[in-house]
Amino acid sequence: MMTPDELLAFLEEIGASPQNHEHPAVFRVEEGEELKRAIPGAHTKNLFLKDAKDQLWLISAEGHAVIDLKRVHHVIGSARLSFGNAALMEETLGVTPGSVTAFGLVNDKDRRVRLVLDRTLAEAELVNFHPLTNTATTTVSREGFRRFLAAIGVEPLVVDFEAMAVVEPQAL
């Protein structure tokens, strides 16, 4: 499993040009609003989920997006969804509760987790994710995030959560 420092080095290596901002631990989207105002770009909420057929999912959405877990499984083509447990999260993404991040996909060597990306994030000029720990926020450009996903071989399913619809891949 990569450490936060190794992740930042990897992001530099692939040309994602990360900007890291250290801060006190933040566990929920509602926390640290003043911190977020000081960091430009779209801020995220990330949900680690498991469906009834044991497929793992990571939903990365803009921090204020409304995600209806009772409906989203119809849109993404999964079985009913529930939250994945902490042990499974650590095993696949190398993170603990409160630190869930799309950057954790770097640790999912077996590609067990499918990424669902909010259209708002896919279109944002700058995006912010925890760098495998909730004591920092890392900003990358849209192109930097695309480079990250390409480097690890992940193609997200882009969903417009307002319309509750899948978006064509070219939107990313």
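The structure reproduced in this document is the subject of the present report. Just so we're clear, the structure is a prediction, and the values are computed from it rather than from any experiment.

A few points about the environment of Ala124
Note on placement: Ala124 falls in the loop between α5 (119–123) and β6 (126–129). Separated by 81 residues in the primary sequence, Ala124 and His43 have C-alpha atoms spaced 9.8 Å apart. The contacts of Ala124, once residues within four sequence positions are left out, are Ala42 and Arg142.

A short note on the nonpolar core
One finds Leu11, Phe48, Phe103, Leu105, Phe145 and Phe148 to be the most contacted residues of the largest nonpolar core, which totals 36 residues. Counting residues per element, the ones that place at least two in this core are α1 (4–13), β2 (42–51), β3 (56–62), α4 (86–93), β5 (113–118), α5, β6 and α6 (142–152). Apart from the residues lying within four places of it in its own chain, the contact partners of Leu105 are Leu58, Leu93, Arg111, Val113, Leu115, Ile152 and Val154. Membership of the second largest hydrophobic core comes to 15 residues, among which are Leu49, Ala65, Val72 and Val116.

Observations concerning the side chain of Asp118
Relative to the assigned elements, Asp118 resides in strand β5. The buried charged residue Asp118 lacks any salt bridge partner; its closest oppositely charged side chain belongs to Arg119, at an N-O distance of 7.7 Å. Engagement of the side chain of Asp118 in a polar contact is seen with the backbone nitrogen of Thr120, the distance being 3.1 Å. Look past the residues within four positions of Asp118 in its chain and what remains in contact with it is Ser60, Ala61, Glu62, Ala65, Val159 and Phe161.

Here's the deal with the pattern of salt bridges
A side chain with one charge may pair with a side chain of the opposite charge, provided their charged atoms come close. Counted under the stated rule, the structure contains seven salt bridges. Salt-bridge contacts for Arg119 lead to Asp160; the nearest nitrogen and oxygen are separated by 3.8 Å. A residue pair is termed long-range when its members are at least 10 positions apart, and Arg119 in helix α5 and Asp160 in strand β8 (residues 157–160) qualify at 41 residues. Looking at Arg119, the relative accessible area reads 31%, which means it is partly exposed. Linking Glu125 and Arg142 is a salt bridge whose minimum nitrogen-to-oxygen distance equals 2.8 Å. You can see Glu125 sitting in the loop between α5 and β6 and its partner Arg142 sitting in helix α6, a full 17 residues away along the chain. Assessed through its relative accessible area of 54%, Glu125 is described here as exposed. What you see here is one network of salt bridges that share partners, running through Arg119, Glu123 and Asp160.

What to know about the side chain of His130
Residue position: His130 is located in the loop between β6 and β7 (136–141). The class for His130 is buried, based on a relative accessible area of 16%. Side-chain polar atoms of His130 contact the backbone oxygen of Ala136, separated by 2.8 Å. Residue contacts for His130: discarding those within four places in its chain leaves His23, Val26, Gly98, Ser99, Val100, Thr101, Phe103, Ala136 and Thr137.

Cut-offs used in this document
- Residues numbered from 1 in each chain as written.
- Predicted model: local features only at pLDDT ≥ 70, side-chain atom pairs only at ≥ 80, totals over all residues.
- Heavy atoms only, no water.
- Helix = DSSP H or I, 4+ residues; strand = E, 2+ residues; numbered from the N terminus.
- Contact = heavy atoms within 4.5 Å.
- Core = buried A, V, L, I, M, F, W, Y, C linked by side-chain atoms within 4.5 Å.
- Buried < 20%, exposed > 50% of the residue type's maximum accessible area, 1.4 Å probe, protein only.
- Lys, Arg positive; Asp, Glu negative; His and termini not counted.
- Salt bridge = Lys/Arg side-chain N within 4 Å of Asp/Glu carboxyl O.
- Polar contact = N/O pair within 3.5 Å; in protein donor to acceptor, adjacent residues only side chain to side chain.

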